[in-house]
Amino acid sequence: MLKLVNVNSRYGLIHVLKNVSMHVSAGEIVTLIGANGAGKSTALRAISGLQPVHEGKIFFSDKEITNAPAEKLVRQGIAQVPEGRQIFWPMTVMDNLEVGGVVTYSLHGKKGLYDAIEGMFQLFPILKERQNQYAGTLSGGEQQMLAIAMALINRPRFLLLDEPSMGLAPLIVKEIFSVIARLREEEGLTVLLVEQNANAALKVADRGYVMETGKIVFEDTASNLMRNQEVRRAYLGKDKREIWE
Amino acid sequence: MDQVGSGFSDFLQFLFMGLQRGSIYALVGMGYNIIYNSTGVINFAQGEFVVFGGLMMVTLTMTANLSIPLAFLLTVLFVTLIGVLMERFTIKPVKNPNVLRLIIITIAVSILLKGMAMCFWGKGSHYMRHFTGSDPIEVFGATLLPQTLWIIGILAVVVIGFVLFFNHTMIGKSMRACAINRDAARLAGINDRNMVMLSFALSAGIGAIAGIIITPIIQMDYTRGALLGLKGFGAAVVGGLGNSFGAVAAGMLFGIMEAMAAGYISSHYMDAVALLILLIVLFIRPSGLFGSADAARLREF
Ligand SMILES: Nc1ncnc2c1ncn2[C@@H]1O[C@H](COP(=O)(O)OP(=O)(O)O)[C@@H](O)[C@H]1O
Ligand SMILES: [Mg+2]
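Presented here is a report on the structure given in the accompanying data block. (Residues numbered from 1 in each chain as written. Chains lettered and ligands numbered in written order. Predicted model: local features only at pLDDT ≥ 70, side-chain atom pairs only at ≥ 80, totals over all residues. Heavy atoms only, no water.)

## Remarks on the pairing of strand S2 (residues 14–24) of chain A
Residue and element names in this part refer to chain A.
Part 1 of the reasoning: Judged from the 7 bridges that link them, strand S1 (residues 2–11) and S2 form a sheet pairing that is antiparallel. Within S2, the residue paired with tyrosine 11 across the bridge is isoleucine 14.
Part 2 of the reasoning: Counting the residues between successive antiparallel strands, the hairpin from S1 to S2 contains 2 residues, one of them, glycine 12, with a positive phi of roughly 60°. (Pairing = 2+ DSSP bridges. Helix = DSSP H or I, 4+ residues; strand = E, 2+ residues; numbered from the N terminus.)

The structure is reproduced here in structure tokens:
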């Protein structure tokens, strides 16, 4: 469904993505793990169209989408939940969902939009209770659920999730991951999940990629990666050894 | 006879004048804020939108003899179109936009527009009839022009329309979202470029309205943009950049203080009042009277 071929991307002179190649098949949950600053978010932003690709190509459903603008890719079914709960904090939860559903609104009108919002309320009931509250006043977990709902509201085929567990209590992380797993079961949603919390990510994922300083260094099934000595040492905090050893 | 009860009626007279001037500054300030919120840029051509609004209205009503409502509508559309063209031809094509670059472009556009206004309308000032007659109404010994009521009323309508637009329409909410977090808005499928264009359109439209309603009182000429723009800019800054209600309140404050200064001290100092308030506020509260420190951060284009 998604394929990256030798993708390179830079911020000015800083070469961040170096010949990144990866693929995600329909219905898979694939995780991209790696240390802080490795380039995971940049990779997601390159896919979703927020970050320019300087060399290489990206394909989605066999169509090339390299450097297509983000606002167009949403309409093709790619949704991204960016890092750090990028919700519109001075607006209410309801307003956030409406803005998140602009695409649905333009395709299916007002009724389509409010049906979709109702669907999100069923997925995350707490959002219904909080619908008139300002998004900035929500708890961290609620903000993350809102951010995810804003991405899911247009019924994407492919979801890019950037560190959804960051700074959240384990119970909430579990709830969020179970929603993702359920959407995959029920609707065949395909997911690319970026995480620093490699343990949690490898548990829900089918396959994984490990990124170090902008390069993919490992690629394997999730269960093999969990057994891989180097991965365990560097990212799973096992064997009580530190990254710099 | 004029002196009877003069204390209060004088005050009232100055207040009317202040509200009238303040309404214009408020509208100009709102125009700055709309573009600032979508781009992080101060549009120095804002004053020129006001001039074009006034001069076009003069042509349509005094030369083409159109009715006031029709001329009003056409003028707003015309200036809105100028705003759109400005964005499409001078802002959008910029390859690596940054705030300084864009501000310099807006200065260039303002010079261009001013030159065009001089070519089309000449150097003289232009008279336009008041909307509904110029016979003053007497209120407690002070005189109130019907045009002043039009000005205040139209400001109120614009402010209400503004609230409805930004809080109750999808497109208005999309514009706000884009101003709050551009990347998140794009991920939601909002075309940020179109939002920027729309902000220029709205801003130009509001500028045109200011020009249209003030022209019967000040007699518009092509040089008026700079001072009107400066005071509207002051109102936007004092109100807290990006905060439109702040701009309205600060605009009114400017207008009233100016009128009082002119009335009680001397009209020579009138134009200095706005600058004085601007300087004092910048020293004491750099984020503006109603701005939060948050809002004061510059938005990246
Ligand atoms: N906007 C930016 N400008 C310049 N450099 C950036 C920017 N964003 C990220 N970087 C750099 O790119 C590298 C990768 O960042 P990022 O993709 O955010 O990593 P990760 O998500 O894996 O933590 C880092 O070295 C970071 O400093
Ligand atoms: Mg990151």
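## Things to note about the interface of chain A and chain B
Many analyses report the size of an interface as the accessible area lost when the parts associate.
Part 1 of the reasoning: In this complex, chain A contributes 25 residues to the contact, which on the side of chain B involves 18 residues.
Part 2 of the reasoning: When the two sides are added together, the surface that chain A and chain B hide from each other amounts to roughly 1900 Å², 63% of it contributed by carbon and sulfur.
Part 3 of the reasoning: For chain A, the biggest contributors to the area lost against chain B are A:Leu50, A:Glu71 and A:Phe88; these three give 29% of the whole.
Part 4 of the reasoning: Put simply, chain A and chain B have 4 salt bridges between them.
Part 5 of the reasoning: One can count 6 residue pairs in polar contact (both at pLDDT 80 or more) joining chain A with chain B.
Part 6 of the reasoning: The set of elements that each furnish at least two residues to the side of chain A that touches chain B consists of helix H1 (40–48), helix H2 (70–73), helix H3 (93–100) and helix H4 (102–123) of chain A.
Part 7 of the reasoning: Each residue belonging to the side of chain A that touches chain B can be placed in one class, and the counts come to 14 nonpolar, 6 polar and 5 charged. (Contact = heavy atoms within 4.5 Å. Buried area = accessible area lost by both parts, 1.4 Å probe. Salt bridge = Lys/Arg side-chain N within 4 Å of Asp/Glu carboxyl O. Polar contact = N/O pair within 3.5 Å; in protein donor to acceptor, adjacent residues only side chain to side chain. Nonpolar A, V, L, I, M, F, W, Y, C, P; charged D, E, K, R; others polar.)

## Let's talk about the packing of helix H6 (residues 170–180) of chain B against helix H8 (residues 192–218) of chain B
The relative placement of two packed helices is expressed as an angle between their axes plus a distance between the axes.
Residues and elements named next belong to chain B.
Part 1 of the reasoning: Orientation of H6 relative to H8, taken along the N-to-C sense of each, is 110°, at an axis distance of 10 Å. Between H6 and H8, the crossing angle belongs to the class labelled roughly perpendicular. Contacts between H6 and H8 pair Ile171, Ser174, Met175 and Cys178 from the former with Asp192, Met195, Leu198, Ser199 and Leu202 from the latter.
Part 2 of the reasoning: A breakdown of the residues in the contact of H6 with H8 according to their chemical character gives 6 nonpolar, 2 polar and 1 charged. (Axes fitted to C-alpha atoms, helices over the stretch in contact; angles between N-to-C directions. Parallel < 35°, antiparallel > 145°, perpendicular 65-115°, else oblique.)

## As for the pattern of salt bridges
Side chains that differ in charge, positive against negative, can pair when their charged atoms come close.
Part 1 of the reasoning: Counted under the stated rule, the structure contains 21 salt bridges over all chains.
Part 2 of the reasoning: A network of salt bridges, in which partner residues are shared, links A:Glu71, B:Arg182, B:Arg186 and B:Asp192.

## With respect to the coordination of the magnesium ion (ligand 2)
Residues and elements named next belong to chain A.
Part 1 of the reasoning: The protein atoms that coordinate the magnesium ion (ligand 2) are Ser41 (OG), Glu83 (OE) and Glu83 (OE), at distances of 2.0 to 2.7 Å. Of this pair, serine 41 sits in helix H1 while glutamate 83 sits in the loop between strand S6 (78–81) and H3, and the two are 42 residues apart along the sequence.
Part 2 of the reasoning: For serine 41, a relative accessible area of 16% corresponds to the buried category. (Donors = N, O, S within 2.8 Å, 3.2 Å for Na, K, Ca; no water. Buried < 20%, exposed > 50% of the residue type's maximum accessible area, 1.4 Å probe, protein only.)

## Let's talk about the sheet that holds S1(A)
All names here are of chain A.
Part 1 of the reasoning: Spatially, 4 strands are ordered S2-S1-S4-S5 in an open sheet, and the strand pairing comes out antiparallel. Each edge of the sheet is formed by a strand with only one pairing partner; in this case those strands are S2 and strand S5 (63–64).
Part 2 of the reasoning: Here H1 sits on the sheet in contact with S1, S2 and strand S4 (55–60), set at roughly 115° to S1.

## Looking at the side chain of A:Arg207
Residue and element names in this part refer to chain A.
Part 1 of the reasoning: Of note, arginine 207 is situated in strand S9 (residues 207–212).
Part 2 of the reasoning: Accessibility expressed as a relative area gives 12% for arginine 207, which makes it buried.
Part 3 of the reasoning: Among the polar contacts listed, one links the side chain of arginine 207 to the side chain of glutamate 28, at a separation of 2.6 Å.
Part 4 of the reasoning: Side-chain polar atoms of arginine 207 contact the side chain of tyrosine 209, separated by 3.3 Å.
Part 5 of the reasoning: Discounting residues that sit within four places of it in the chain, arginine 207 has contacts with His23, Val24, Ser25, Glu28, Ile29, Val30, Thr31, Glu219, Asp220, Thr221 and Ala222.

## Overview of the sheet that holds strand S8 (residues 190–195) of chain A
Strands in a sheet are paired, the pairing made by backbone hydrogen bonds, and the direction either parallel or antiparallel.
Residues and elements named next belong to chain A.
Part 1 of the reasoning: If you walk across this open sheet you meet the 6 strands as S6-S7-S8-S3-S9-S10, and the pairing is mixed. Each edge of the open sheet is held by one strand with a lone partner, namely S6 and strand S10 (215–221). For this sheet, the mean angle separating the axes of adjacent strands, direction not counted, is 15°.
Part 2 of the reasoning: For strand S7 (residues 158–162) and S8, the ladder comprises 5 bridges, and the chain directions are parallel. In the strand pairing of S8, aspartate 162 is matched with valine 194.
Part 3 of the reasoning: Here helix H6 (residues 140–152) sits on the sheet and contacts S6 and S7; the angle it forms with S6, its principal contact strand, is near 170°.

## Some thoughts on the site of ligand 1
Residue and element names in this part refer to chain A.
Part 1 of the reasoning: Every residue near ligand 1 is listed here: Tyr11, Ile14, Val16, Ala35, Asn36, Gly37, Ala38, Gly39, Lys40, Ser41 and Thr42.
Part 2 of the reasoning: Within the backbone of glycine 37, one N or O atom sits 2.7 Å away from an oxygen atom of ligand 1.
Part 3 of the reasoning: Serine 41 is positioned with one of its side-chain polar atoms (N or O) 2.6 Å from an oxygen atom of ligand 1.
Part 4 of the reasoning: Against a free-state accessible area of 560 Å², the protein chains account for coverage of 60% of ligand 1.
Part 5 of the reasoning: Broken down by secondary-structure element, the contributors of at least two residues to the shell around ligand 1 are S2 and H1.
Part 6 of the reasoning: At 3 residues, H1 tops the list of elements feeding residues into the shell around ligand 1. (Near = heavy atom within 4 Å. Areas by Shrake-Rupley, 256 points an atom, 1.4 Å probe, with all protein chains shown as cover.)

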